[in-house]
Amino acid sequence: MTLPQSGSDRYYSVYLALSQYPILANRVRELMRQELYSHSIIVPEVLYAEAVKAAVQSQEREGLTNPFYEEDTETWERRKALMLDNLTDTYFAKYFDFSHLSKLIQQALNERGVQVPEGIIEFNPETAPTELLFNQGMMIEKLPPEQRVPYAARLQEIKVVLIRSMISDQLRYINIAKDWFTIADLAEIRKHKMGRGRIGGKAAGMLLAGRILKDKSSPELRASLRTPTSFYIGSDVFYTFISINNLLHWGDQKYKNEEQMRKEYPRILEEFSQGEFPPGAVQHMETILSMAGRRPLIVRSSSLLEDNFGMAFAGKYESIYLPNQGEPEENLRAMQQAMARIYASTLNPNALLYRKSRGLLDYDERMALLIQVVEGQPVGQYYFPQLAGVGYSRNQYRWSPQIRPEDGFLRLVWGLGTRAVDRVGNDYPRLVALSHPTLTPSTSLQSIRRYSQQFIDLIDLKNNLFRTLPVHEVLSPRVPALRYIAQIDSDGYIHNMHAKFIEGDTHSLILTFDELLRHTDFPSLMRELLATLESEYDTPVDVEFTAKVEEQQGKPQIQITLIQCRPLGTIKESVYLLPQHIPQKDQIFSGQSIVSGGSVQNVHYVLYVPPEAYFSIPNSAERNKLERAIGKLNAALAGENFICVGPGRWGTSNPDLGVHVDYGDIYNAKALVELTGGPFGIPDEPSLGTHFFQDLLEGQIYPIAVNLSKDNFQGAFFETTPNHLADWITPEEGLETRLQLIQVSDVSPNSHLDLVIDDATGKALAFLVHESAVISEGRQVIVP
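Residues numbered from 1 in each chain as written. Predicted model: local features only at pLDDT ≥ 70, side-chain atom pairs only at ≥ 80, totals over all residues. Heavy atoms only, no water.

Looking at the overall build of the protein chain
Point 1. Each helix and strand counted, the protein chain has 29 helices and 27 strands in total.
Point 2. Across the 784 residues that make up the protein chain, the buried fraction comes to 56%.
Point 3. The contacts in the protein chain between residues at least 6 apart in sequence include a share of 74% that link residues at least 24 apart.
Point 4. Carbon and sulfur atoms form 49% of the exposed surface of the protein chain, whose accessible area is close to 33,800 Å². (Helix = DSSP H or I, 4+ residues; strand = E, 2+ residues; numbered from the N terminus. Buried < 20%, exposed > 50% of the residue type's maximum accessible area, 1.4 Å probe, protein only. Contact = heavy atoms within 4.5 Å. Areas by Shrake-Rupley, 256 points an atom, 1.4 Å probe, with all protein chains shown as cover.)

What follows is the structure, encoded as structure tokens:
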């Protein structure tokens, strides 16, 4: 059947469906013509004359100069019939509505003895247009329950096709989502979607989690949940942008070596930032900005692979805040720049190396976008949420034996959640074990203050900027729910804020969140939220959220906004005990892991960054050379069993506090050992909940902390063993004093290192194994 030019999308959908059933289609067309005649819209003679005229014109367009002699009768009759059908469709669509067509289809089906509810037709969902899928799905959902039963399988198939075409093609996701989303849910998503293609993993996870909690949570949790205002940019807009801006030549970037990737990425950023968007996309952006008003926005990556099972891509692509306080043209340009920069981040070397480590380079990774109104409220000239953080349904950081892993874990901050998910320097979120919310790793006043949040990320409305400020510059009596967030440090004791503190006396405040955790339902609500999602996902999950406290009739009420949910990568669980009777001379180091239970065997190389040499590096350019050399060595050692040992926080954003590398620089390692304490006073903040930590778990890389002031660390092993760095890469001048590659067999021929983490205590021990020796009873570390 042909599409009438004046027909609506609904007509178009049904015409395409009917084209799969020519006998039914012919009968429906006969009925359509009868309706045209009976309503005196046109008479048969005129309709047939117009069809002949249209057929002749189509011959002329094909170059037939003498059509009556150049075309056989059979072809001419088919041409004429096609024109008649075309005109029938055009006139009917012009004068009758969709419900009238549905009745004619129903009549034609009834004539053939096919009894189906009005409007429901047979078609192939895999090839049908989206509009038809929605129309038929909605019709089935609106049927009374007893009439819906025969079409349950058809409804399920329609939902699967819509989820796969609109949201995600990942089978594990679809397997869960098809049981939760309704056609009405999918239609609502479609209303907020711009462009073709899927909306990507980040949006998919948020929507599915919200849908599950809507039905499965308790009345108390359901009343506390809020839905963020969201808009979705389909993944096909990404290719349109690349095509019209002549950026296709960067498509092979993922197959280049790391050095080329890093060298060319600044140019990629520049070219993408100069790109223009098609007029239709610009109009949609203007609509989003108009609907948001003056509220700040965030443009978030939502690639097709992001936030999926076993591959979270945590922090690999950019998310950009838009204060949205300028003139309309300025706000529009800022949104375009943010979108272009996120598109460019698909070619970020760290993202490409992550994909390489997961065997995903050959996947057509398209970037969709999730644009959301930033959750929060104004406080003076600043805008931020009261609470934000990341939550894990499984707590793998047990600083006390009474903590129950299955109750979950939070990293909680005041302000925007960036400080909860990134491993930032000189700052600490509040770590919350949901089984014992008020239990902290720190016990003394000095350590509580030291490991409390010192800075806040926020939107500066007045200056139209994203900013990071010391918390004491923002704290004031005007801060909502302040007594649930902060406590007063006075005379060596911590006091609750039962009365308002004096304006300007903010340096006595410590962000402990103690009252929130002790006297509100927040911990129990988050515990239920995480447990519910883990149960339905059938795997541990992590979520990102914002929250606020509002007092109603003197009682605190909690509001929680879920902004992200993804399956949680975890290290494979096994039961291990520390081996006994290892000679002291063979014990290379001991420490503590925030992951309990694990083993790395047959370690033949140790990548070592000497603390004294590292902290003596004079400038950032020299540190960058070290970081790049670590990345090259990681690539060169692919296939070898090696661990990394170095000072402070691996993966920190502040190089003064540790080795500033990305996951792409160390993904081949089996363990990451952080040296803390000692003469350098290196702080030991666990990275649990950060994007970097998530990468380690997914990559089965064990994080271990060695306190040089308390734990065993055999310095001679690290300081006197020959450096094999030059055997694997060509180091720049002066680098060999800052980066060493230790070959374990140099210490003792035919030996290697084994690393064991005790399941019960999390204590770790690395020790020499002499391969020629008989394995003793103490080497039996795996407990059946």
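After presenting the structure, the write-up continues.
Digging into the sheet that holds strand 21 (residues 605-608)
Point 1. Within the open sheet, the 9 strands sit side by side as 20-26-27-19-24-23-22-21-25. Their pairing is mixed. Edge strands, defined here as strands with exactly one partner in the open sheet, are strand 20 (598-603) and strand 25 (740-743). On average, each strand axis in the sheet is inclined to that of its neighbour by 25°, with strand direction left out of account.
Point 2. Of the strand pairs in this sheet, strand 19 (residues 587-593) and strand 24 (residues 702-707) are connected by 2 bridges, and their pairing is antiparallel. Within the sheet, the bridge partner assigned to S593 lies in strand 24 and is I704. (Pairing = 2+ DSSP bridges. Axes fitted to C-alpha atoms, helices over the stretch in contact; angles between N-to-C directions.)

Here we look at the packing of helix 2 (residues 22-38) against helix 6 (residues 98-111)
Point 1. Two elements in contact, helix 2 and helix 6, have axes separated by 9 Å at closest approach and are oriented at 125°. If you check the angle between helix 2 and helix 6, you find them oblique. In terms of crossing hand, the pair formed by helix 2 and helix 6 is right-handed. Residue-level contacts link L24, R27, V28, L31, M32 and E35 of helix 2 to H100, L101, L104, I105, Q107, A108, L109 and E111 of helix 6.
Point 2. The class makeup of the residues in the contact of helix 2 with helix 6 is 9 nonpolar, 2 polar and 3 charged. (Parallel < 35°, antiparallel > 145°, perpendicular 65-115°, else oblique. Left-handed = near helix turned anticlockwise from the far one by under 90°. Nonpolar A, V, L, I, M, F, W, Y, C, P; charged D, E, K, R; others polar.)

Some words on the nonpolar core
Point 1. Grouped together as the largest cluster of nonpolar side chains are 81 residues, with contacts concentrated most on I167, F181, W414, F522, L529 and L533.
Point 2. Once residues within four sequence positions are removed from consideration, L533 is found in contact with A209, I212, L213, V541, V543, L562 and C565.
Point 3. Core analysis: the next-biggest nonpolar cluster, separate from the first, contains 39 residues, I268, A281, L297 and I371 among them. (Core = buried A, V, L, I, M, F, W, Y, C linked by side-chain atoms within 4.5 Å.)

Examining the environment of E329
Point 1. Looking at the element boundaries, E329 is found in helix 17 (residues 328-344).
Point 2. Between the C-alpha atoms of E329 and E286, which are 43 residues apart in sequence, the distance is 9.3 Å.

Describing the environment of L475
Point 1. Relative to the elements of secondary structure, L475 occurs in the loop between helix 21 (471-474) and helix 22 (482-485).
Point 2. Judged by relative accessible area, L475 falls into the buried class, the value being 5%.
Point 3. Separated by 31 residues in sequence, L475 and T506 place their C-alpha atoms 6.2 Å apart.
Point 4. When neighbours within four sequence positions are excluded, L475 is seen to be in contact with W414, L482, T506, L509 and L511.

Re the packing of helix 15 (residues 258-273) against helix 18 (residues 349-357)
A packed helix pair is summarised by two numbers, namely the angle formed by the two axes and the spacing between the axes.
Point 1. Where helix 15 contacts helix 18, the two axes come as close as 9 Å, and the packing angle between them is 150°. Comparing the axis directions of helix 15 and helix 18 gives the class roughly antiparallel. Residues E258, M261, R262 and Y265 of helix 15 touch helix 18, and the partners they reach there are P349, N350, L352 and L353.
Point 2. Class assignment of the residues belonging to the contact of helix 15 with helix 18 gives a composition of 5 nonpolar, 1 polar and 2 charged.

Focus on the pattern of salt bridges
Point 1. Under the defined criterion, the tally for this structure stands at 39 salt bridges.
Point 2. The salt bridge involving E74 is made with R78; its shortest N-O contact spans 3.4 Å. Here R78 and E74 lie together in helix 5 (residues 73-95), a separation of 4 residues that amounts to about one turn. Side by side, E74 and R78 carry an identical accessibility label, which is exposed.
Point 3. Its salt-bridge partner being D169, residue R198 comes within 3.8 Å of it at the nearest N-O pair. Separated by 29 residues along the polypeptide, R198 in the loop between strand 1 (193-194) and helix 12 (201-216) and D169 in the loop between helix 9 (152-166) and helix 10 (171-177) bring together distant segments of the chain.
Point 4. One salt-bridge network, in which partners are shared between bridges, spans R29, R33, D85 and D89. (Salt bridge = Lys/Arg side-chain N within 4 Å of Asp/Glu carboxyl O.)

Quick notes on the packing of aromatic side chains
Point 1. Counted under the stated rule, the structure contains 17 aromatic pairs.
Point 2. Ring centres of Y608 and F718 lie 4.8 Å apart, and the angle between their planes is 45°; this geometry places the pair in the tilted category. With Y608 in strand 21 and F718 in helix 28 (residues 715-719), this residue pair connects regions lying 110 residues apart in the sequence. By the burial criterion, Y608 is buried, and F718 matches it.
Point 3. Consider the rings of F713 and F718, whose centres lie 4.5 Å apart with planes at 10°: the pair is stacked.
Point 4. Members of the aromatic cluster, joined through ring pairs, are F238, Y239, F241, F272, F277 and Y343. (Phe/Tyr/Trp six-rings, centres within 6.5 Å; stacked < 30°, edge-to-face > 60°.)

Some details on the sheet that holds strand 7 (residues 377-379)
Point 1. Overall, antiparallel pairing links the 4 strands, which are arranged 7-8-12-13 in an open sheet. Here the strands that pair on one side only, and so sit at the sheet edges, are strand 7 and strand 13 (465-470). The mean angle between the axes of side-by-side strands here comes to 45°, regardless of whether they run parallel or antiparallel.
Point 2. Bridge analysis of strand 7 against strand 8 (residues 382-384) gives 3 bridges, and the strand direction is antiparallel. Pairing of V379 across the sheet is with Y382, part of strand 8.

A few points about helix 3 (residues 44-61)
Point 1. Its 18 residues place the ends of helix 3 26 Å apart at the C-alpha level, agreeing with the 26 Å of an ideal helix rising 1.5 Å per residue.
Point 2. G63 sits one or two positions beyond helix 3 and adopts a positive phi of about 90°. (Expected span 1.5 Å × (residues − 1).)

Regarding the confidence of the model for the protein chain
Point 1. Mean pLDDT over the protein chain works out to 84, with 88% of the residues at or above the 70 mark.
Point 2. Confidence over residues 773-784 falls short of pLDDT 50; this stretch has 15 contacts with residues more than four positions distant or in other chains. (pLDDT = per-residue confidence, 0-100.)

What to know about unusual backbone geometry
Trans peptide bonds make up the majority, and among non-glycine residues the majority have a negative phi.
Point 1. If you check the backbone angles, N246 has positive phi at about 55° while not being a glycine.
Point 2. Among the structural elements, N246 can be located in the loop between helix 14 (236-244) and helix 15.
Point 3. Of note, the phi angle at F513 is positive, near 60°, even though the residue is not glycine.
Point 4. By the secondary structure assignment, F513 is in the loop between strand 16 (509-511) and helix 23 (514-519).

Overview of helix 16 (residues 279-292)
Point 1. Its 14 residues give helix 16 an end-to-end C-alpha distance of 20 Å, which sits within 8% of 20 Å, the value for a rise of 1.5 Å per residue.
Point 2. By the burial criterion, the buried members of helix 16 are A281, V282, M285, I288, L289 and A292. The buried residues of helix 16 all sit within an arc of 115° when viewed along its axis, so they share a single face. What points out from helix 16, more than 90 degrees from its buried face, is the exposed set P279, Q283 and S290.
Point 3. In this structure, the buried residues of helix 16 make contact with strand 1, strand 3 (230-233), strand 4 (297-303), helix 17 and strand 6 (367-373).
Point 4. Just downstream of helix 16, G293 is the residue with a positive phi angle, here 65°. (Arc of directions from axis to C-beta.)

Topic: the side chain of Q336
Point 1. Locating Q336 in the fold gives a position in helix 17.
Point 2. Contacts of Q336, omitting those with residues within four sequence positions, involve F277, V282 and M285.

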